[in-house]
Amino acid sequence: MGCECDPPNSDRLARRVLAVVSDKPTLLARDDALLNAESQRFAALRSGRLAPQLLAPPSQGPALKDALTRARYVVAGRTLAPYHAVDGWALLAGLAKRRLRPVFTYRISQAKDVTVYAAPRSDRRSRR
Amino acid sequence: MGTTTRSSRRAAAIACAVALVAFLVVLAARWQHGFANVDDYLYARQAHEFARALANGPAALVEAWRAFGQNAPLVPTLAAPLAAIDPSPHLLTLAQLPFVLLLAASCTVLLRALGLAGARLALAAAAAASAPPLLAWAAMFHFAFPSAALTVAALAAYMLSRGLRSLVASALFGLAIGLLCVARVIGPLYAGALIAAVAGDQLTRHGDWRERLRGALVACSSAVLVATPWWAAAGGSALRYLTTAGYGESPFTHEAGLLERARERFDWTTTETGWLVACVVLALAALGLARALRNDRSRRPALLMAITALCAMTGLATSTNAGTGFALPAIALAVCLAAFAVAAPPARRSGRPAAGLRGLRALCWRVSLTSAAGLPCSMRYLRQASGSDRSGSSAHPDSSRRAQRWAASATHLTATD
């Protein structure tokens, strides 16, 4: 966890992230034991919502660019033990290029956090 | 009822009670934190789907098995009635309860076969069944603990069958093997290790070959009867998953030589168990094995346990997929041997080596008691098991940090737990 702290409540974190991304196309660029595709699907099941359309995290290159173009939300942040390694440079450049802005941050410890980025409103509207 | 049987039953009851209490303590710690792992969530969804399918009849259940073909069905199917009430993995962990009791009873049988009796048997079985490296996995809705319990149960049933001479115990042995094959997709590997050890044992026995052949047939029949329905329905995707996630190109595998794989397996297993505990268990297991080999009565059971563990670890070392709790069945057997080493009465030999052995045992008792006292703190194992140490893939902390700095400069909603 990056700290000598108790494990955080993963149910609550998954619910909060799900409340932001809803069932919209979401790129899970940060996944680990705490927050991952399964926790999101389970949170949707528990709350009776539609499961989010999760895009698999491509590591780098054109695939990442393509995923960023399709995603309405991007779940990113710092983790010490990611399940999928994502090229952070390319992700950062892609987020800036697409003008995605952070709309939610959850601090777990000094070395771990979750940030959800959202596409600009105009972009979101044009995708409806 | 003989005195020995009554005393063994009492020992099994004590071991079950202690293991049950320890399990409830670990479970309470888990419920207090509300932390669930990726596997917890996946299997909870699976149990939820199975519960829905069960309401629509067996055909729907088979369809659900197929839909989750990559995951073994035993534990989620057992948990399905609970999932119908609430699919939370925290509640579904209660489905581990029968396996906790099974492990405690099986440890008693194995330790009795090694020659322990009375209070020593009860204490050793209780210590083995509630050992933190095992129980920590029982606090998750995960398949590692049931696989370990069933592996130990299969060996215990084999001991009870007196070399497959008893038909009832042979059927139980087959049942345990069959359940093991549907408890985890990697279960057939453990079953293979058990069968290799038992085959070796059978080849070195003499006489009663008709009885033993009959027992073997009964064991095979019950194993096939139990394992076939699921493997027939979903075996294709399970095998595909085993080969791709175990040996193909996947995020969990990498190129490595055979020796390197064996080293990685050992390293990962000790990391999962905790280095100090792993060293103590390994040293004690070696001591227990050495002591058991000196005695005619305990030689066979000890060899069976050691060969099963060794075959399982060798099989696991063929893949670079570290997995979660893959080595737990081998650890469970090592813990039994370790408990035997600590609890066995001292050899009746005078001299310095015996005194040295007593000193080592006293030290091991202290370490064991220390780790037992730390049971409520075994959330550390939970964290390890939950993948915070899953460092198979490489992180990019620098880039994440940059992204974070960029994020911090923007206006956003902040929530802190």
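Since the structure is predicted, the reported quantities are computational estimates derived from the model, not experimental observations. (Residues numbered from 1 in each chain as written. Chains lettered and ligands numbered in written order. Predicted model: local features only at pLDDT ≥ 70, side-chain atom pairs only at ≥ 80, totals over all residues.)

(A) Structural view of the overall build of chain B. Secondary structure summary: chain B contains 19 helices and one strand in total. Within chain B, buried positions represent 51% of all 417 residues. Taking contacts inside chain B between residues at least 6 apart in sequence as the whole, the part at least 24 apart equals 82%. (Helix = DSSP H or I, 4+ residues; strand = E, 2+ residues; numbered from the N terminus. Buried ≥ 20, exposed ≤ 12 C-beta atoms within 10 Å, placed from the backbone. Contact = placed C-beta atoms within 7 Å.)

(B) View of the overall build of chain A. Of regular secondary structure, chain A possesses five helices and five strands. Beginning at the N terminus, the succession of helices and strands in chain A can be written as α-β-α-β-α-β-α-β-β-α. Classification of the 128 residues of chain A by burial places 50% in the buried group. Sequence-distant contacts in chain A: of pairs separated by 6 or more residues, those separated by 24 or more amount to 74%.

(C) Local environment of the packing of helix H14 (residues 275–294) of chain B against helix H16 (residues 328–343) of chain B. Residues and elements named next belong to chain B. The contact between H14 and H16 brings their axes to 7 Å, and the two run at 65 degrees. Considered as vectors, H14 and H16 are oriented roughly perpendicular to each other. The way H14 lies across H16 gives a crossing that is left-handed. Contact with H14, carried on its side by Val281, Leu282, Leu284, Ala285, Leu287, Gly288, Leu289, Arg291 and Ala292, involves Ala334, Val335, Leu337, Ala338, Phe340, Ala341 and Val342 of H16 and no other residues of that element. (Axes fitted to C-alpha atoms, helices over the stretch in contact; angles between N-to-C directions. Parallel < 35°, antiparallel > 145°, perpendicular 65-115°, else oblique. Left-handed = near helix turned anticlockwise from the far one by under 90°.)

(D) A look at the environment of Ala15 of chain B. Residue and element names in this part refer to chain B. Looking at the secondary structure, you find Ala15 in helix H1 (residues 3–33). Judged by the 28 C-beta atoms lying within 10 Å of it, Ala15 falls in the buried class. For the pair formed by Ala15 and Leu116, sequence separation is 101 residues and the distance between their alpha carbons is 14 Å. Dropping the residues within four chain positions of it, Ala15 is found in contact with Ala104, Cys107, Thr108, Ala122, Ala125, Ala126 and Ala129.

(E) Focus on the confidence of the model for chain A. For chain A, mean pLDDT is 84; residues scoring 70 or higher make up 87% of the total. Per-element confidence in chain A ranges from a low mean pLDDT of 57 for helix H5 (residues 121–126) of chain A to a high of 93 for strand E3 (residues 73–76) of chain A. (pLDDT = per-residue confidence, 0-100.)

(F) Quick peek at the packing of helix H9 (residues 144–160) of chain B against helix H11 (residues 187–203) of chain B. Residues and elements named next belong to chain B. Viewed as axis vectors pointing N to C, H9 and H11 meet at an angle of 20 degrees, and their least axial separation amounts to 11 Å. The angle between H9 and H11 falls in the class roughly parallel. Relative to H11, the crossing made by H9 is right-handed. Touching Ser147, Thr151, Ala154, Leu155 and Tyr158 of H9 are Gly187, Tyr190, Leu194 and Val198, all from H11. In the contact of H9 with H11, the residues fall into six nonpolar, three polar and no charged. (Nonpolar A, V, L, I, M, F, W, Y, C, P; charged D, E, K, R; others polar.)

(G) Representation of the pairing of strand E1 (residues 25–28) of chain A in the model. Residue and element names in this part refer to chain A. Of the pairings in the sheet, the one linking E1 to strand E2 (residues 53–55) comprises three bridges and is parallel in character. Along E2, the bridge assignment pairs Leu27 with Leu55. In the classification by handedness, the crossover that spans E1, the intervening helix H2 (residues 37–47) and the parallel E2 is right-handed. (Pairing = 2+ DSSP bridges. Right-handed = clockwise from strand over helix to strand, strands pointing away.)

(H) Unusual backbone geometry, seen in detail. Residue and element names in this part refer to chain B. In this structure, Arg162 takes a positive phi of about 50 degrees despite not being glycine. Tracing the chain through its elements places Arg162 in the loop between H9 and helix H10 (167–183). For Arg162, a count of 15 C-beta atoms within 10 Å corresponds to the partly exposed category. Although it is not a glycine, Leu164 sits at a positive phi angle of roughly 70 degrees. Tracing the backbone through its elements, the reader meets Leu164 in the loop between H9 and H10. C-beta crowding within 10 Å serves as the criterion here: with 25 such atoms nearby, Leu164 is assigned to the buried category.

(I) Expanded view of helix H4 (residues 88–97) of chain A. Along H4 of chain A, the residues that are buried comprise Gly88, Ala90, Leu91, Leu92, Gly94 and Leu95 of chain A. Arg99 of chain A sits one or two residues past H4 of chain A and shows a positive phi near 55 degrees.

(J) Just the pairing of strand E5 (residues 112–118) of chain A, in detail. Residues and elements named next belong to chain A. Counting buried positions along E5 gives seven out of seven residues, so the element sits mostly inside the fold. The two faces of E5 match: Lys112, Val114, Val116 and Ala118 on one face and Asp113, Thr115 and Tyr117 on the other face are all buried. The pairing of E3 with E5 spans four bridges and is classified as antiparallel. Residue Tyr73 lies in a different strand from E5, and its bridge partner there is Ala118. Pairing analysis gives seven bridges linking strand E4 (residues 101–109) to E5, with the strands arranged antiparallel. Note that in E5 the partner of Thr105 across the bridge is Thr115.

(K) Here's a closer look at helix H4 (residues 74–85) of chain B. All names here are of chain B. Buried residues dominate H4, accounting for nine of its twelve residues. Restricting attention to buried positions, one finds in H4 the residues Leu74, Val75, Pro76, Thr77, Leu78, Ala79, Ala80, Leu82 and Ala83. Buried residues in H4 make contact with helix H2 (38–55), helix H5 (89–92), H9 and H10.

(L) Broad picture of the confidence of the model for chain B. Residue and element names in this part refer to chain B. Summarising the model, chain B shows a mean pLDDT of 84, and 81% of its residues fall at 70 or more. Throughout residues 372–417 the model reports pLDDT below 50, and contacts reaching past four residues in sequence, or to other chains, amount to 111 contacts. Quick note on the complex model: pTM equals 0.82, ipTM equals 0.80.

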